[in-house]
Structure formats: C-alpha cells, structure tokens
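# Working through the structure, step by step
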Amino acid sequence: AQSVAQPEDQVNVAEGNPLTVKCTYSVSGNPYLFWYVQYPNRGLQFLLKYITGDNLVKGSYGFEAEFNKSQTSFHLKKPSALVSDSALYFCAPNELPGGNNRKLIWGLGTSLAVNP
Amino acid sequence: EAQVTQNPRYLITVTGKKLTVTCSQNMNHEYMSWYRQDPGLGLRQIYYSMNVEVTDKGDVPEGYKVSRKEKRNFPLILESPSPNQTSLYFCASSTGQGRNQPQHFGDGTRLSIL
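Here the structure is a predicted model, which means the values were calculated and not measured. (Residues numbered from 1 in each chain as written. Chains lettered and ligands numbered in written order. Predicted model: local features only at pLDDT ≥ 70, side-chain atom pairs only at ≥ 80, totals over all residues. Heavy atoms only, no water.)

### Section: the overall build of chain B
Secondary structure assignment for chain B yields zero helices and eleven strands. The linear arrangement of helices and strands in chain B, starting from the amino end, is β-β-β-β-β-β-β-β-β-β-β. A compact globule built from 114 residues should have a C-alpha radius of gyration of about 13 Å, and chain B, at 13 Å, falls within 12% of that. Oriented by its inertia axes, the alpha-carbon framework of chain B measures out at about 40 × 30 × 25 Å. (Helix = DSSP H or I, 4+ residues; strand = E, 2+ residues; numbered from the N terminus. Rg over C-alpha atoms; globule rule 2.2 N^0.38 Å.)

Laid out in structure tokens, this is it:
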C-alpha cells in the first residue's frame, strides 16, 4: 500500500534556529510531492511542491524542501524559525496511478512548536 | 481574492436530520474534493469531482452524497447523519491541468452529530 511517514509527531525548536520536518514516502513510480501547513482553525495551505529537476525546492514563507530519490524522502527545512511558524505540517505525495483523481496520500502530520 | 468558501463553519445537529455543507470556489477550478479529518486517522477523501456532472467516490463515501451542477459549487450532503460522521470536513479545489497542481482548501466545517 502506498504511504507517507512523518516520523516525528512533534518538533520543538527555538526561534531563530534552523528547523527540519522529516518525511519519507512509499509510492511506486515518481510521485509529485507536496508540503502543506495547517494553522489552528484554518484549512491547509500549500507551501511547496517537487515535480522534477533541482532537488532543493523553495516555497512560501522561507521554507524549502530537499528531495532525495534514493531515500524516498522529502524533508522540509527553514534556516531560521519564527514563532509564527508553529503549526501542523503535512507531507503529501500524490497517489499513483491516479487516473482522474488528484488524490494525495496523507499522514498524520508533524506539529511544529517554535519557542520564543 | 482566490478562495474556497465552506459553510457553515460549525454545526451541531442530531442523528437523522439531513444537512448540507456548501463549498464554493472562485478560481474556475475543474477539480474539487471533500475530505474528513479525524484524530489518529489523518485526512481521508470522501468524494471528488473532475468537472460539472462528473463525480466519483473517494476512500470513505458511505453516508455521503455530492453533486456538481455548477463548476464553482460542490456541496456535501448527509442524508441521515450519524454520530460516526462527527468530524472536521474540508473542501478543496485545483485546476484540472494536471496532478502537479496544488489543492486549495477551505477553512473547514466542524460537524457534531449527537
């Protein structure tokens, strides 16, 4: 079965420090890879995606993600964390073969807490 | 402003009383989808629609209906709600130009079925 794993339920970092939120996936083929963020009482917001090309992808709010095909990983990073980055983060590869569905594979997310 | 709008945001109701959660997007997106989010289970797809009058089941369609009569609207219908449908529901949309397009989500509807 296709799946995604975010091995850490929670990540705690101090403001100004770099942060990493880990993601590995198990999807046959070459899926597109997405990161979304969910703030309290809000819907999910798109952060960035990997389609092809450069393994380092830059996205919104200063986030970037590193794709590693051999390790089937797509870790989210930010050089300097802000308190306002505190939220729930989801890595989501798209299911393959997808047919007409744009279905994404969702894990349980990683809760990021940035401490002042 | 490009957005997906869900209504209501919160609803407490009783078993068996039909309800509809509306979803509307202003981005002319072809693809729309409904998810439910439950603790420990993550997001699960209920139904999706590729375009007007084209809908299909997701992973957990039982107890739900949808319709897509207009491109912008994709309502979720619970004909006879039950307590196990208490959940946080999200509507999402994306352009139909390919699976590499991100999905845009509404702010969610929290349903409590008593």
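### Remarks on the overall build of chain A
When helices and strands are tallied, chain A shows zero helices and eleven strands. Reading chain A from its N end, one meets helices and strands in the order β-β-β-β-β-β-β-β-β-β-β. In terms of overall size, chain A behaves like a compact globule, its C-alpha atoms giving a radius of gyration of 14 Å where 116 residues would be expected to give roughly 13 Å. For the C-alpha atoms alone, the extent of chain A along its principal axes is close to 45 × 30 × 20 Å.

### Side note on a nonpolar patch on the surface
There is a patch of nonpolar side chains on the surface, built from Ile-12, Val-14 and Leu-114 of chain B and spanning about 330 Å² of accessible area. Within the element layout of this structure, Val-14 of chain B appears in the loop between strand S2 (10–13) and strand S3 (19–25). (Patch = residues over 30% accessible without salt bridge, like charges linked within 9 Å, V, L, I, M, F, W, Y side chains within 5 Å. Areas by Shrake-Rupley, 256 points an atom, 1.4 Å probe, with all protein chains shown as cover. Salt bridge = Lys/Arg side-chain N within 4 Å of Asp/Glu carboxyl O.)

### Some points on the interface of chain B and chain A
Between chain B and chain A, the contact holds 28 residues from the first and 24 residues from the second. Taking both sides of the interface into account, the surface hidden between chain B and chain A amounts to around 2,100 Å²; carbon and sulfur atoms contribute 53%. For the pair chain B and chain A, the interface holds two salt bridges. A salt bridge links Asp-59 of chain B to Lys-103 of chain A, with the shortest nitrogen-to-oxygen separation between them at 2.5 Å. (Contact = heavy atoms within 4.5 Å. Buried area = accessible area lost by both parts, 1.4 Å probe.)

### Looking at the packing of aromatic side chains
Counting across every chain of the model gives 15 aromatic pairs over all chains. Ring geometry for Tyr-36 of chain A and Phe-46 of chain A: centres 6.0 Å apart, planes at 65 degrees, overall edge-to-face. Of this pair, Tyr-36 of chain A sits in strand S5 (residues 33–38) while Phe-46 of chain A sits in strand S6 (residues 44–50); the two residues are ten residues apart in sequence, bridging distant segments of the chain. Classification of Phe-46 of chain A by relative accessible area gives partly exposed; the value is 27%. Note on Tyr-64 of chain B and Tyr-89 of chain B: the rings are 5.9 Å apart at their centroids and 65 degrees apart in plane angle, and the pair reads as edge-to-face. Of the two residues, Tyr-64 of chain B sits in the loop between strand S6 (54–57) and strand S7 (65–66) while Tyr-89 of chain B sits in strand S9 (residues 87–94), which places them 25 residues apart along the sequence. Take Tyr-64 of chain B: its relative accessible area is 5%, and that puts it in the buried class. (Phe/Tyr/Trp six-rings, centres within 6.5 Å; stacked < 30°, edge-to-face > 60°. Buried < 20%, exposed > 50% of the residue type's maximum accessible area, 1.4 Å probe, protein only.)

### Points about the nonpolar core
Counting 29 residues, the largest nonpolar core has Trp-35, Leu-47, Leu-48, Phe-74, Leu-76 and Tyr-89 of chain A as the members making the most contacts within it. Residue assignment for this core shows that the elements contributing at least two residues are strand S2 (10–14), strand S3 (19–21), S5, S6, strand S8 (64–68), strand S9 (73–78), strand S10 (87–93) and strand S11 (110–115) of chain A. Counting residues in each nonpolar core, the second largest holds 19 residues, with Val-4, Val-60, Tyr-89 and Ile-113 of chain B among its members. (Core = buried A, V, L, I, M, F, W, Y, C linked by side-chain atoms within 4.5 Å.)

### A look at the confidence of the model for chain A
Counting all residues, the mean pLDDT for chain A is 92, and 97% of those residues have values of 70 or more. Taken element by element, chain A is modelled with least confidence in strand S1 (residues 3–5) of chain A, mean pLDDT 93, and with most confidence in S9 of chain A, mean pLDDT 98. (pLDDT = per-residue confidence, 0-100.)

### Details of the pattern of salt bridges
Between side chains of opposite charge, a pair can form when the charged atoms approach closely. Residue and element names in this part refer to chain A. What the rule picks out here adds up to eleven salt bridges over all chains. Ionic pairing is found between Glu-66 and Lys-77, a salt bridge with its closest N-O pair at 3.0 Å. Of the two residues, Glu-66 sits in strand S8 while Lys-77 sits in strand S9, which places them eleven residues apart along the sequence. Since its relative accessible area comes to 26%, Lys-77 is described here as partly exposed.

### Some remarks on the pairing of S9 of chain A
All names here are of chain A. Extensive coverage of S9 is indicated by the burial of five of its six residues. Across three bridges, S3 lies against S9 in antiparallel orientation. Looking at the pairing, Thr-20 lines up with Lys-77 of S9. Both S8 and S9 contribute to a ladder of five bridges, which runs antiparallel. Across the sheet, residue Asn-68 finds its bridge partner in S9, namely Ser-73. (Pairing = 2+ DSSP bridges.)

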